[in-house]
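So you can see what is in the structure, the chains are spelled out below.
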Amino acid sequence: MNERQPLGGGNAMISVGLLMLACLVAITLFGTLIAPYNPSATGADSLAGPSAAHWLGTDSIGRDLLSRLIVGGRTTLLITFVAVTLAVCGGLALGLFCGYVGGLADQVVMRILDVVFAFPVFLLAIAVVAALGPSVPNLILTIAIVYTPRLARVVRGPVLSVKRWDHVEAARSVGVSEFNIATRHVLPLIVSPVLVETSLTLAQTIFTVTALSFLGLGPPPPDPNWGAMLSEARQFMELAPLAVIGPATAIVFATLTFIVLANGLRERLDVASR
Amino acid sequence: MRRLVLIRLAWMLPILLGVSVVAFVLMRALPGDFAQASAGTTELAPEALNIIRRDLGLDQPVWEQYLRWLAQLLKGDFGDSFTTHKPVLGELLPRLAVTAELTLMAGLMAMALGASSGLASARLRGRTDWLVRGVNGLFLAVPNFVVATLIVLLAGLYFPEVGIFNYTPFLTDPLGNLGSLLLPAFSLALAVSVTISENTRAAVLEVSSQDFVMVARAKGLRPHTILWQYLVRNALTPVITVTGLQLASLLGGSILIETIFTIPGMGQYLFDSVSSRNYPVVQAIVLVAASIVLFVNVLVDVAYARVDARVSYE
Amino acid sequence: MSAPAALLQVRGLTAQFNRGDVASQVVKGISFDIGVGESVGFVGESGCGKSVTARALMRLAPEGSSVAWGGTVLFKGQDLLQVNERVMQDIRGRRIAMVFQDPMSSLNPVLTVGAQIEDIVRRHTGASASQARQRSVELLDLVGIRDAARRADDYPHQFSGGMRQRVLIAIAVSCQPDLLIADEPTTALDVTVQAQILRLLMRLRRELGMALMLITHDFGVIAGMVDRVHVMLDGSIVETGSVDALFANPQQAYTQALLAAVPRLDMAERLV
């Protein structure tokens with residue numbers, strides 16, 4: 001109960017997290033430029049070990065693993081960022097609506113969302129992708145659909161509780177506009193939990209995207225992506241362990257980025273709000 | 001108490017209904033032809049397709065189709081598999097049993113790992129605390145299928161004689177069955193154990209600061225009595241409920257683990273069916289999985305309420 | 001009348017709390033004696049260090065903070081601040097016992113009240129399960145819980161605040177300690193129940209011959225309960241005397257203020 005974490009802990013984690021995030025963003029934006037080779041080029045010897053020409057070696061049909069890793073990261077991360085942005089927008093809209101309007105509309109929407117919550121996230125994602133067919137837009141849509149309810153729930157909570165606060169009632173009775181109330185009282189309360197939940201959602205989305213691609217439900221070839229690379233590598237993993245370790249490390253790095261950010265934000269923002 | 005249970009179960013019904021609607025819509029409202037899919041890869045002439053459509057009731061209005069489907073469902077008829085043309089339920093049940101076993105094992109492992117590390121972290125503090133929390137953070141970042149793949153890689157490189165893909169059914173060889181599920185269950189359990197660890201730690205810290213623990217110390221009771229009778233027994237309930245709530249992610253993860261370790265469970269069944277557009281199977285699995293998760297969540301709620309009644313003060 | 005033999009001799013007791021980098025001296029060097037069978041009161045407002053003093057006698061540091069004790073606490077010849085923890089565990093509950101302030105949160109919610117008496121009895125006397133059970137029913141009866149045999153199998157949430165405090169008193173006196181410390185035993189209870197609990201404490205003290213250390217912020221509680229009173233302020237004892245002497249002739253300004261805070265029947269001026 002009295003467990004003290006130095007405030008520096010939160011800040012340090014946020015700094016580290018942001019640094020890692022910067023790497024990820026760089027890969028997303030400039031991946032195709034950074035990669036030494038064309039990820040689909042099959043010129044080199046297959047299953048070659050690491051060398052000066054190919055830092056991570058090559059895969060079973062002679063494609064450079066490092067390039068595939070970088071460009072694959074671009075694809076994976078692009079899907080992740082876009083999908084989560086959509087989910088956050090959707091969640092904000094839905095959560096604000098439910099929280100503000102309240103009453104019957106709120107109850108109905110929440111019951112509908114309960115149905116979505118009943119499905120294990122991954123199962124739902126598989127079902128939706130199976131229904132719509134694997135492609136980048138469908139993947140983005142699926143993830144947005146699956147995570148919007150969770151974000152909506154996070155947003156709705158503070159909005160509902162703030163509405164009942166005495167000083168908000170007082171402000172309203174004195175004539176302060178709803179807009180002012182929304183921005184001065186409600187918004188600050190939402191920012192922290194939404195930021196934390198967004199980080200967590202990003203981490204979970206990396207999992208969902210890579211897992212779906214692992215199962216073959218991700219972006220169709222020839223676009224490389226981490227999940228598919230990991231799955232392909234299983235066939236020749238003893239001959240080229242880097243083909244497994246590469247994507248594995250990349251996935252862990254990306255997930256870790258968002259977890260560290262989430263933890264750092266939680267430390268920082270929780271302490272500030274005490 | 002009984003009323004609470006009934007209310008929670010009653011709430012489950014509309015949600016289950018909603019789940020069934022989603023499962024139905026998901027499979028029927030897709031691009032491509034349901035009738036064609038039922039025939040698999042064989043190209044059929046239009047007249048043959050029409051006959052199939054009539055058989056499957058696809059020429060009727062959607063809501064009528066849904067009601068017919070729902071009615072069949074309640075009779076236990078989940079339709080026939082598109083690939084084997086046998087009743088889905090018969091194929092699903094044994095696979096469900098396998099997944100249940102895997103999930104249960106994973107859950108128990110996660111609880112054992114998580115609860116002990118969380119307890120150690122809370123009681124020993126200092127370096128142990130930092131170590132456990134650091135390791136937890138790392139484990140959380142490694143998805144279960146990555147863990148599984150890495151395990152397979154390690155085994156292949158350093159222990160090639162050990163068979164990993166050798167799942168044996170329980171009835172054939174109980175011990176072998178359990179052994180073959182150890183590594184898969186572990187891959188599933190790792191990430192979940194982190195959540196349990198964090199929750200155990202928080203629960204133990206919370207309970208430690210309660211007055212009755214101080215009273216126990218003032219009674220001169222031995223530390224191990226205080227640990228087990230006063231701390232753990234009170235911290236355990238939130239831990240068990242958290243584990244129950246992790247069931248959803250365990251079920252989801254089992255799909256990946258079963259695929260990697262070639263275990264004939266519900267997850268692998270789902271994956272194969274998705275690949276072969278075997279829609280009745282996908283529908284059934286989605287339904288069953290969601291229902292199980294819902295049911296367990298209700299159980300967890302009820303269990304917590306029961307304990308809470310004893311714990312909450314006026 | 002000769003002074004009773006000294007059961008407890010405290011000399012220069014200090015308590016320093018360390019929270020992070022901040023150290024605060026909560027008890028600043030106090031000395032007092034408690035004789036065999038004597039009853040002594042400690043009065044002062046919140047934060048004066050009286051509860052910490054009591055905890056010092058049992059060497060109970062609050063969970064999560066680190067406390068440094070100083071001085072000597074001689075109990076039947078042993079310095080309690082120097083003995084090792086295992087010896088201390090033998091003394092707690094057996095020779096020195098404590099009743100705490102909030103009965104609502106002082107009992108383990110998952111154990112029956114009977115079990116919570118039995119565990120201390122078995123710990124200190126090596127009684128068998130059935131002997132301990134018998135003893136727990138006797139004790140519940142002793143503290144005035146009707147239908148003790150049946151009630152022993154009930155859980156804490158099935159008892160009212162006053163009843164729970166009786167259970168806690170039963171626990172505290174179960175091994176017939178030489179010294180019973182009661183830290184604000186009635187503060188969290190309804191006024192009507194307070195008198196009952198105080199009377200219970202007095203009766204038990206008489207019957208079992210225990211010394212009593214009564215801690216409170218309310219002078220009204222002390223009257224008729226103790227032989228001697230120490231008034232504490234900000235970590236030190238500022239005045240000592242018999243109850244009658246203090247009531248009649250308080251020396252220190254603070255004592256006067258404390259006394260003035262107690263409404264009295266014979267007050268000349270009306271409050272309203």
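Worth saying up front: this structure is predicted, and the values here are computed from it rather than measured.

A. Inspection of the overall build of chain A at higher detail. If you tally the helices and strands in chain A, you get nine helices and zero strands. Of the regular secondary structure in chain A, the N- to C-terminal order runs α-α-α-α-α-α-α-α-α. Along the three orthogonal principal directions, the C-alpha set of chain A runs to about 75 × 45 × 35 Å. Burial analysis of chain A (274 residues in total) assigns 49% to the buried set. Within chain A, contacts between residues separated by at least 24 positions form 72% of all contacts whose residues are at least 6 apart in sequence.

B. Representation of the overall build of chain C within the structure. Counting its regular elements, chain C contains 10 helices and 10 strands. For chain C, whose C-alpha radius of gyration is 19 Å, the value lies close to the compact-globule estimate of 19 Å for 272 residues. By its C-alpha atoms, chain C is 55 × 50 × 45 Å across when sized along the principal axes. Counting across all 272 residues of chain C, residues that qualify as buried make up 43%. Taking all contacts inside chain C whose residues are at least 6 apart in sequence as the whole, residues at least 24 apart take part in 66%.

C. Spotlight on the packing of helix 7 (residues 144–158) of chain B against helix 11 (residues 247–261) of chain B. Residues and elements named next belong to chain B. For the pair helix 7 and helix 11, the least separation of the axes is 9 Å and the interaxial angle reads 20 degrees. Here helix 11 runs roughly parallel to helix 7, going by the angle between their axes. Here helix 7 runs over helix 11; the crossing is right-handed. Touching N144, F145, A148, T149 and V152 of helix 7 are G253, L256, I257, I260 and F261, all from helix 11. When its residues are assigned to classes, the contact of helix 7 with helix 11 shows seven nonpolar, three polar and no charged.

D. Expanded view of the sheet that holds strand 6 (residues 96–99) of chain C. Residue and element names in this part refer to chain C. If you trace the six strands from one edge of the open sheet to the other, you get 6-7-8-3-9-10, paired in mixed fashion. Since the sheet does not close on itself, it has two edges, and those belong to strand 6 and strand 10 (236–242), each with one partner. Recorded for the sheet is a direction-independent mean angle of 20 degrees between the axes of neighbouring strands. In this sheet, strand 9 (residues 228–233) lies alongside strand 3 (residues 39–43) in parallel orientation, the contact comprising four bridges. Paired with V40 across the bridge in strand 9 is R228. The strands touched by helix 6 (residues 161–173) are strand 6 and strand 7 (179–183); relative to strand 6, the strand with the most contacts, the crossing angle is about 175 degrees.

E. Main features of the nonpolar core. Counting 237 residues, the largest nonpolar core has A125(A), I126(A), I143(A), V282(B), I285(B), L179(C) and M213(C) as the members making the most contacts within it. Among the elements that take part in this core, helix 9 (residues 242–272) of chain A stands out by supplying 15 residues, more than any other. Here I126(A) is in contact with L217(A), I255(B), L270(B) and V274(B), once residues within four sequence places are set aside.

F. Molecular detail of the sheet that holds strand 2 (residues 22–35) of chain C. Residues and elements named next belong to chain C. The strand order across the open sheet built from four strands is 2-1-4-5, with neighbouring strands paired in antiparallel fashion. In the strand order of this sheet, the two ends are held by strand 2 and strand 5 (78–79), each with one partner. One ladder, built from two bridges, connects strand 4 (residues 66–75) with strand 5; its direction is antiparallel. From the neighbouring strand, F75 faces strand 5, where its bridge partner is Q78. Running at roughly 70 degrees to strand 2, helix 1 (residues 50–58) makes contact with strand 1 (6–19), strand 2 and strand 4 of the sheet.

G. Quick look at the confidence of the model for chain C. All names here are of chain C. Confidence in the prediction of chain C, expressed as mean pLDDT, is 88, and 94% of residues score 70 or more. Mean pLDDT across the elements of chain C ranges from a minimum in helix 10 (residues 253–260), with 75, to a maximum in strand 6, with 95. Under the prediction, the complex receives an ipTM of 0.89, its pTM being 0.81.

H. Here's a closer look at the pairing of strand 3 of chain C. Taking burial as the measure, the five residues of strand 3 of chain C include five buried ones, the bulk of the element. Burial along strand 3 of chain C is two-sided: S39(C), G41(C) and V43(C) facing one way and V40(C) and F42(C) facing the other are all buried.

I. Spatial organisation of the packing of helix 3 (residues 113–125) of chain C against helix 4 (residues 129–142) of chain C. All names here are of chain C. Between helix 3 and helix 4, the shortest axis-to-axis distance is 9 Å and the interhelical angle comes to 120 degrees. Considered as vectors, helix 3 and helix 4 are oriented oblique to each other. Taken as a pair, helix 3 and helix 4 cross one another with a handedness that is right-handed. Across from G114, I117, E118, V121 and R122 in helix 3, the residues of helix 4 making contact are A132, R133, R135, S136 and L139. In terms of residue class, the contact of helix 3 with helix 4 is built from four nonpolar, two polar and four charged.

J. Region of interest: helix 10 (residues 223–245) of chain B. All names here are of chain B. Given a rise of 1.5 Å per residue, 23 residues ought to cover 33 Å, and the 32 Å separating the end C-alpha atoms of helix 10 matches this to within 8%. Of all the bends in helix 10, the greatest, near 45 degrees, is centred on V232. If you check which residues of helix 10 are buried, you get I226, Y230, L231, N234, A235, V239, V242 and T243. In the core, the buried residues of helix 10 are packed alongside helix 5 (88–124), helix 8 (174–208) and helix 9 (211–218).

K. Looking closely at the interface of chain A and chain B. Each partner contributes residues to the interface: chain A has 36 residues there, and chain B has 41 residues. Examining the composition of the side of chain A that touches chain B, we find that nine residues originate from one element, helix 4 (residues 121–132) of chain A, more than from any other. Looking at the side of chain A that touches chain B residue by residue, the classes come out as 28 nonpolar, three polar and five charged.

L. Layout of the pairing of strand 4 of chain C. All names here are of chain C. Here strand 1 runs beside strand 4; their pairing, made up of nine bridges, is antiparallel. Looking at strand 4, one finds that V10 is bridged to V73. Counted between consecutive antiparallel strands, the loop separating strand 4 from strand 5 contains two residues, among which K76 sits at a positive phi close to 45 degrees.

M. Looking closely at helix 1 of chain C. Residue and element names in this part refer to chain C. The element helix 1 is largely enclosed, with a buried count of nine among its nine residues. Along helix 1, the residues that are buried comprise K50, S51, V52, T53, A54, R55, A56, L57 and M58. A positive backbone phi angle near 50 degrees is found at R59, which sits one or two residues after helix 1.

N. Representation of the interface of chain B and chain C in the model. The interface of chain B with chain C comprises 22 residues on the first partner and 28 residues on the second. Where the side of chain B that touches chain C is concerned, the elements lending two or more residues are helix 9, helix 10 and helix 13 (279–311) of chain B. Element by element, the count of residues in the side of chain B that touches chain C is highest for helix 9 of chain B, at seven residues. For the side of chain B that touches chain C, the per-class residue count stands at nine nonpolar, seven polar and six charged.

O. Region of interest: the environment of R123(B). Within the fold, R123(B) resides in helix 5. Taking the number of C-beta atoms within 10 Å as the measure of exposure, R123(B) has 16 and is therefore partly exposed.

P. Representation of the confidence of the model for chain A. Predicted confidence across chain A gives a mean pLDDT of 82, with 92% of residues reaching 70 or more. Low pLDDT (under 50) marks residues 1–7 of chain A, which in the prediction has 10 contacts with non-local residues, meaning those over four places away or in another chain.

Q. Up close: unusual backbone geometry. You will see that H85(B), though not glycine, has its phi angle at about 60 degrees, which is positive. Within the secondary structure layout, H85(B) lies in the loop between helix 4 (62–74) and helix 5. The class of H85(B) is exposed, set by 9 C-beta atoms lying within 10 Å. Although it is not a glycine, E184(C) adopts a positive phi angle of roughly 50 degrees. Inspection of the secondary structure puts E184(C) in the loop between strand 7 and helix 7 (191–208). Given 21 C-beta atoms within 10 Å, E184(C) falls into the buried group.

What counts and how
- Residues numbered from 1 in each chain as written.
- Chains lettered and ligands numbered in written order.
- Predicted model: local features only at pLDDT ≥ 70, side-chain atom pairs only at ≥ 80, totals over all residues.
- Helix = DSSP H or I, 4+ residues; strand = E, 2+ residues; numbered from the N terminus.
- Buried ≥ 20, exposed ≤ 12 C-beta atoms within 10 Å, placed from the backbone.
- Contact = placed C-beta atoms within 7 Å.
- Rg over C-alpha atoms; globule rule 2.2 N^0.38 Å.
- Axes fitted to C-alpha atoms, helices over the stretch in contact; angles between N-to-C directions.
- Parallel < 35°, antiparallel > 145°, perpendicular 65-115°, else oblique.
- Left-handed = near helix turned anticlockwise from the far one by under 90°.
- Nonpolar A, V, L, I, M, F, W, Y, C, P; charged D, E, K, R; others polar.
- Pairing = 2+ DSSP bridges.
- Core = buried A, V, L, I, M, F, W, Y, C linked by C-beta atoms within 7 Å.
- pLDDT = per-residue confidence, 0-100.
- Expected span 1.5 Å × (residues − 1).
- Bend = angle between axes of the 7 residues up to and from the residue.

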